[in-house]
Amino acid sequence: MPIEANNPNKKTWISVPENSDFPIQNIPFGVFLTRDDIITIGTRIGDQAIDLGALHQLGYFDGIPLTDDIFLQDTLNDFISDGQKTWRLVRNRISELFDINNKSLQHSSAHKKIVLFSMDEIEMQLPVQIGDYTDFYSSKEHATNVGSMFRDPKSALMPNWLHLPVAYHGRSSTIVPSGVPVRRPMGQTLPKDSERPVFGPSKLVDFELEMAFITTDANLMGEPIPITETEDYIFGMVLFNDWSARDIQKWEYQPLGPFLAKNFASSISPWIVTLDALEPFRTASPVQNPEPLPYLQLKGNHSFDIQLEVDITPENGSPTTVTRSNFKYMYWSMAQQLAHHTVNGCKINSGDIMGSGTLSGPTPDSYGSMLELAWQGTKPIRLNNGENRTFIQDGDTVTMRGFCSKDGIRIGFGELSTKLLPIFKSKSKK
Ligand code: MN
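Residues numbered from 1 in each chain as written. Predicted model: local features only at pLDDT ≥ 70, side-chain atom pairs only at ≥ 80, totals over all residues. Heavy atoms only, no water.

## Some points on the overall build of the protein chain
Alright, step 1. Of regular secondary structure, the protein chain possesses nine helices and 26 strands.
Alright, step 2. Its C-alpha radius of gyration of 22 Å places the protein chain within 12% of the 22 Å reference for a compact globule of 430 residues.
Alright, step 3. Sequence-distant contacts in the protein chain: of pairs separated by 6 or more residues, those separated by 24 or more amount to 72%.
Alright, step 4. If you sum the accessible surface of the protein chain, you get close to 19,300 Å²; carbon and sulfur atoms cover 51% of it.
Alright, step 5. Across the protein chain, the 39 positively charged side chains and the 50 negatively charged ones have centroids separated by 6 Å. (Helix = DSSP H or I, 4+ residues; strand = E, 2+ residues; numbered from the N terminus. Rg over C-alpha atoms; globule rule 2.2 N^0.38 Å. Contact = heavy atoms within 4.5 Å. Areas by Shrake-Rupley, 256 points an atom, 1.4 Å probe, with all protein chains shown as cover. Lys, Arg positive; Asp, Glu negative; His and termini not counted. Charge placed at Lys NZ, Arg CZ, Asp CG, Glu CD.)

Below you can see the structure in the form of structure tokens.
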């Protein structure tokens, strides 16, 4: 089935601001609360949110096999379960409806009043109910940098790293959408030159610039997904800020890996950009040496050229861009990650989320965390207002953006913006 929705020549009757992340060729999926406090599944063109539940009730999806309530839900899980064929039919239909040459909805002001919302009238929600969350560690630059700092530069990469996409299972309960503030965590840390830990607020709160992919039901327990089929089970991608407390992490992470340093919060961008929409931006992954085992081998281009950037905005200050990176630097592709994840028969469900790991580029101005950018506090980053940062301070807002751009078409993810609040203080008891 051709992906007609990706046609670069298509124009829409919705006005799309220049450099918008959401031209008619994007058609992402999300969940929002409308001005009437109704929760619905929607998409976005330019700065207009489109209520897919209402469109379906008005008959605009007639002929596509969908249950009546598929878009009248507070998560995308059931729609994602319908599978790739249905996602394509729906995206193509939306593309047709909003095509400048299509008069049906365009000339029905009564229907438009029900279906269209401006972005400031709605509140974006978490797009899926996340059953399981796995975080990979797939940037060679990031793994080398962290290994150098936490252990020793000579053995920065563990012996397994070049042979398999390393990952850990995280918590889905503390994944929140853009706009929801997160709190500085409390925890155990080991002060420098001390043998006994102390308890208190983390002093080294950091962001991790990641992207994540969201899957559909992919397999039965016990059944691996062959690497050639993995991409059929990836619905789309979001920006992902995997908040981290480096001092807690350093003390707790051996021998079983990250725990409380990571599970206090992760933030995602609210619009899921489909893998179909990203299709024109495919590119090669880094060359892999040594050659991976056969179950991890796949020919062709399986990475995507997605430009990424991070701003820090202090309270009452203006934003400073602290890094620019790219998704294409990731050593292990999403296809390899999903093939590896299921090679033992692990079951993948609709709405599962898989983080890429911190996406550090090859140069110091493209690193994906403050740990690396300020090199463990030794090279402070200067902000526009003259202040320095080595990690994130209370009141700072961290904003991530990601977009692809080629031949005059820009497909983006919008913004993932999160404010760091001070530690939780319990109400005093008398
Ligand atoms: Mn991470």
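So much for the structure itself; the text now carries on.
## Quick notes on the coordination of the manganese ion
Alright, step 1. Each protein donor to the manganese ion is listed here as D135 (OD), E208 (OE), E210 (OE) and D242 (OD); together their distances run 2.1 to 2.2 Å.
Alright, step 2. Binding-site remark: the manganese ion is held by donors from one chain whose sequence spacing is D-x72-E-x1-E-x31-D.
Alright, step 3. A relative accessible area of 0% places E210 in the buried class. (Donors = N, O, S within 2.8 Å, 3.2 Å for Na, K, Ca; no water. Buried < 20%, exposed > 50% of the residue type's maximum accessible area, 1.4 Å probe, protein only.)

## Concerning the pattern of salt bridges
Alright, step 1. Under the definition given, this model contains 18 salt bridges.
Alright, step 2. D206 is the salt-bridge partner of R246, the closest N and O atoms lying 2.9 Å from each other. Taken together, the positions of R246 in helix α6 (residues 246–252) and D206 in strand β12 (residues 205–206) put the pair 40 residues apart, joining distant regions of the chain. For the pair R246 and D206, a shared accessibility class is recorded, and that class is buried. (Salt bridge = Lys/Arg side-chain N within 4 Å of Asp/Glu carboxyl O.)

## Comments concerning the domain arrangement of the protein chain
Alright, step 1. The assigned domain composition of the protein chain is domain 1 (4–124) and domain 2 (133–421).
Alright, step 2. Domain 1 puts 28 residues into the contact, and the matching count from domain 2 is 27 residues.
Alright, step 3. Here domain 1 and domain 2 share an interface that buries about 2,200 Å² over both sides, 59% of which is from carbon and sulfur atoms.
Alright, step 4. Taken as a group, D21, I80 and W87 account for 26% of the area that domain 1 buries against domain 2, more than any other trio of residues on that side. (Domains from an automatic or database assignment. Buried area = accessible area lost by both parts, 1.4 Å probe.)

## Some thoughts on unusual backbone geometry
Alright, step 1. Looking along the chain, the bond that leaves Q254 and enters P255 is cis, with omega of 10°.
Alright, step 2. Along the chain, the position of P255 falls in the loop between α6 and β16 (266–268).
Alright, step 3. A cis amide bond, omega 5°, links N289 with the succeeding residue P290.
Alright, step 4. With respect to the element layout, P290 can be found in the loop between β18 (282–283) and β19 (303–304).
Alright, step 5. In the Ramachandran plot, D37 falls in the positive-phi region, its phi being about 65° despite a non-glycine side chain.
Alright, step 6. By the element assignment, D37 lies in the loop between β1 (30–33) and β2 (39–45).
Alright, step 7. Phi is positive for N316, which is not a glycine, with a value near 60°.

## Details of the environment of V205
Alright, step 1. Relative to the assigned elements, V205 resides in strand β12.
Alright, step 2. Residues V205 and Y253 lie 48 residues apart in sequence; the distance between their C-alpha atoms is 16 Å.
Alright, step 3. If we ignore the near neighbours within four places in the chain, the residues touching V205 are R184, P185, W243, S244, A245, F391, I392 and L420.

## Structural notes on helix α8 (residues 334–342)
Alright, step 1. Counting buried positions along α8 yields nine of nine residues, so the element is predominantly enclosed.
Alright, step 2. Those residues of α8 that sit buried are M334, A335, Q336, Q337, L338, A339, H340, H341 and T342.

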